[in-house]
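Take a look at the letters that make up each chain.
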Amino acid sequence: MKTILTLLFTLMCFISFPQQKSFQPGAIWPDNNGIHINAHGGGILFYKGTYYWYGEHKIAGKNGGLAKVGVSCYSSRDLYNWKDEGIALKVNETDSLNDIASGCILERPKVIYNAKTNKFVMWFHLELKGKGYDAARSGVAVSDKPAGPFTFLNSFRPNAGYWPVNVQPFHKKSVASIVKEKYCGGKGCLPAPPDSLNILGRDFKGGQMARDMNLFVDDDGSAYHIYSSEENSTLQISKLTDDYLSYSGQYFRVFTERYMEGAALFKRKGKYYIIASDCTGWAPNAARSAVADQIFGNWTELGNPCIGEGSALTFKSQSTFVLPVQGKKDTFIFMGDHWMEKNLIDSRYIWLPIKFNEKGNPILEWKDAWSY
Ligand code: DGJ
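These numbers were taken from a predicted model, which means no experiment stands behind them.

## Re the overall build of the chain
A count of helices and strands for the chain gives 3 helices and 22 strands. Against the 2.2 N^0.38 benchmark of 21 Å for 372 residues, the chain shows a C-alpha radius of gyration of 20 Å, consistent with a compact globule. On the principal axes, the C-alpha backbone points of the chain span a range of 80 × 55 × 45 Å. Long-range pairs, those at least 24 residues apart, make up 53% of the contacts in the chain between residues at least 6 apart in sequence. Side-chain charges in the chain split into 42 positive and 36 negative, and the spacing between the mean points of these groups amounts to 2 Å.

## Observations concerning the site of the ligand
In the region of the ligand, 9 residues are neighbours, and Glu107, Arg108, Asp212, Glu261 and Gln318 sit closest. Residue Arg108 places a side-chain N or O atom 2.9 Å away from an oxygen atom belonging to the ligand. Within the contact set of the ligand, a nitrogen atom lies 3.5 Å away from a backbone nitrogen or oxygen of Gly281. Protein burial of the ligand: of its 290 Å² of free accessible surface, 96% is covered by the chains. Of the residues that constitute the shell around the ligand, the class distribution is 3 nonpolar, 2 polar and 4 charged.

## Re the pairing of strand β5 (residues 105-114)
Of all 10 residues in β5, 9 are buried, a share of seventy percent or more. Pairing analysis gives 8 bridges linking β5 to strand β6 (residues 119-127), with the strands arranged antiparallel. For Glu107, the partnering residue across the bridge sits in β6 and is His125. Connecting β5 to the next strand, β6, in antiparallel fashion are 4 residues, including Asn118 with a positive phi near 60°.

## Side note on the nonpolar core
Ile44, Trp53, Leu79, Trp82, Ile333, Trp351 and Ile354 are the most contacted members of the largest nonpolar core, which totals 35 residues. Of all elements in the fold, only β2 (50-56), β13 (261-268), β14 (271-277), β18 (318-324), β19 (332-338) and β20 (348-353) reach the threshold of two or more residues within this core. Membership of the second largest hydrophobic core comes to 23 residues, among which are Tyr52, Leu106, Phe120 and Phe124.

## Remarks on the packing of aromatic side chains
Here the structure, examined in full by the defined rule, presents 36 aromatic pairs. Ring plane angle 50° and centroid distance 4.6 Å describe the contact between Phe23 and Tyr80, whose orientation is recorded as tilted. Of this pair, Phe23 sits in the loop between α1 (2-16) and β1 (40-47) while Tyr80 is found in the loop between β3 (70-76) and β4 (83-90), placing the two residues 57 residues apart along the sequence. Of the two residues, Phe23 and Tyr80, neither departs from the other in class, the shared state being buried. When the ring of Trp53 is compared with that of Tyr74, the centres are 6.4 Å apart and the planes differ by 50°; the resulting orientation is tilted.

## Some points on the sheet that holds strand β10 (residues 223-229)
The strand order across the open sheet built from 4 strands is β9-β10-β11-β12, with neighbouring strands paired in antiparallel fashion. Sheet topology places β9 (213-217) and β12 (247-254) at the edges, where each strand pairs with a single neighbour. Each adjacent strand pair in this sheet contributes to an overall mean axis angle of 25°, direction not counted. Of the strand pairs in this sheet, β9 and β10 are connected by 5 bridges, and their pairing is antiparallel. Bridge pairing in β10 links Val217 to Ala223.

## A few points about the sheet that holds strand β17 (residues 306-307)
Strand order in the open sheet made by the 3 strands is β17-β22-β21, with mixed pairing throughout. Two strands bound the open sheet, and with one partner strand each, they are β17 and β21 (355-356). Where β17 lies against strand β22 (residues 362-365), 2 bridges are found, and the strand directions are parallel. The partner of Ile307 across the bridge, within β22, is Glu365.

## Here we look at the pattern of salt bridges
Evaluation of the coordinates by the stated rule reveals 20 salt bridges. The closest approach of N and O atoms between Lys267 and Asp219, which form a salt bridge, is 2.9 Å. With Lys267 in strand β13 and Asp219 in the loop between β9 and β10, this pair connects stretches of sequence that are 48 residues apart. Taking the relative accessible area as the measure of exposure, Lys267 reaches 22% and is therefore partly exposed. Notably, a salt bridge pairs Lys355 with Glu365, separated by 3.6 Å at the nearest N-O pair. Placement of the pair is Lys355 in strand β21 and Glu365 in strand β22, with a sequence separation of 10 residues.

## Remarks on the confidence of the model for the chain
On average, residues of the chain carry a pLDDT of 93, and 92% of them reach 70 or more. Of all secondary-structure elements in the chain, the lowest mean pLDDT belongs to α1, at 49, while β6 reaches the highest, 99.

## Focus: the environment of Ile333
The topology assignment puts Ile333 in strand β19. Exposure remark for Ile333: the relative accessible area of 0% places this residue in the buried category. Separated by 96 residues in the primary sequence, Ile333 and Ile237 place their C-alpha atoms 22 Å from one another. Not counting the four nearest positions on each side in its chain, Ile333 is found in contact with Phe23, Leu79, Phe321, Val322, Leu323, Val325, Trp351, Leu352, Ile354 and Trp370.

## Description of the state of the cysteines
A complete count under the given rule lists 0 disulfides for this structure. No disulfide involves Cys104; its sulfur sits 18 Å from the nearest other cysteine sulfur, which is in Cys73. Taking the relative accessible area as the measure of exposure, Cys104 reaches 1% and is therefore buried.

Thresholds applied
Residues numbered from 1 in each chain as written. Predicted model: local features only at pLDDT ≥ 70, side-chain atom pairs only at ≥ 80, totals over all residues. Heavy atoms only, no water. Helix = DSSP H or I, 4+ residues; strand = E, 2+ residues; numbered from the N terminus. Rg over C-alpha atoms; globule rule 2.2 N^0.38 Å. Contact = heavy atoms within 4.5 Å. Lys, Arg positive; Asp, Glu negative; His and termini not counted. Charge placed at Lys NZ, Arg CZ, Asp CG, Glu CD. Near = heavy atom within 4 Å. Polar contact = N/O pair within 3.5 Å; in protein donor to acceptor, adjacent residues only side chain to side chain. Areas by Shrake-Rupley, 256 points an atom, 1.4 Å probe, with all protein chains shown as cover. Nonpolar A, V, L, I, M, F, W, Y, C, P; charged D, E, K, R; others polar. Buried < 20%, exposed > 50% of the residue type's maximum accessible area, 1.4 Å probe, protein only. Pairing = 2+ DSSP bridges. Core = buried A, V, L, I, M, F, W, Y, C linked by side-chain atoms within 4.5 Å. Phe/Tyr/Trp six-rings, centres within 6.5 Å; stacked < 30°, edge-to-face > 60°. Axes fitted to C-alpha atoms, helices over the stretch in contact; angles between N-to-C directions. Salt bridge = Lys/Arg side-chain N within 4 Å of Asp/Glu carboxyl O. pLDDT = per-residue confidence, 0-100. Disulfide = S-S within 2.5 Å.

Right, dumping it as structure tokens:
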């Protein structure tokens, strides 16, 4: 009797939630329970044959941007079908003064595995409860298992008391007294160009601002944190300590005054690439791309990698991660979010294959459905 019931249940699951065999960018993406995946601004870790997708758990309605639950985790072996692994990092429900108190803003979580410590390390953009986007901190959590539970360790601003590798002499001189008061979620927040205000110098003592972020682990095991800094005007790339739990003090400024968000860093054939967005709040804009021979090197902008219809708005999406597909040579997936500003839980995922032109520059083109 028990066997028959099990068989019936399996059959029902199969009928209700058929296995997916392709990506359908922009469509509802049901998990193993038939519920639209709730892992926005996400990133993926590959560990022992399984992909783990971490992302912002959004709630329904106009307050969907506040973290009331935490960081979601899903697992998959084929990237099309995802199992809900629950909440990998929970917000603190009891202490409203905790850094990750329920109602804080917790965005763009990413997880990397540290082979030396055998720990899974999560970083995320943290805004303290009730303080809008002013805190601009990085949060760090750790776990022994890929799906968690993760334990929150600390939050801070990057590199307090350190100058970047490419600091300019004027950064060490006067610091502006006029600065923007509130995060405006877009360009033009500052009353003057950021370097003339010396936002870098302003934040030298207390640490640099860090909002939209990503992690990247290089072939030698060195990990880097890339984030929108200096009132979103400039990207900074920071090398992490060997245990991946904090900053090493070595960092580099890129794309000064270019207001980039959603930056994703990846490596192909020995070169480093960034795909990022412009800075327009939840509204989509034209993507950016760039290449460099070294992470702390000369980055050359390559322009909008998108081509064809919808390219001016990155097919209504904003970059969140670039995923190298395991075991498939030269196969990279662009992961973007199509934000539904009024009901963020309904935001969709725009995953597209990255092609490379004859110069090796990344190219993105719309596809209704595709598989790798
Ligand atoms: C754009 C960022 O990319 C998102 O992560 C989020 O912070 C929104 N801005 C908020 O307006």
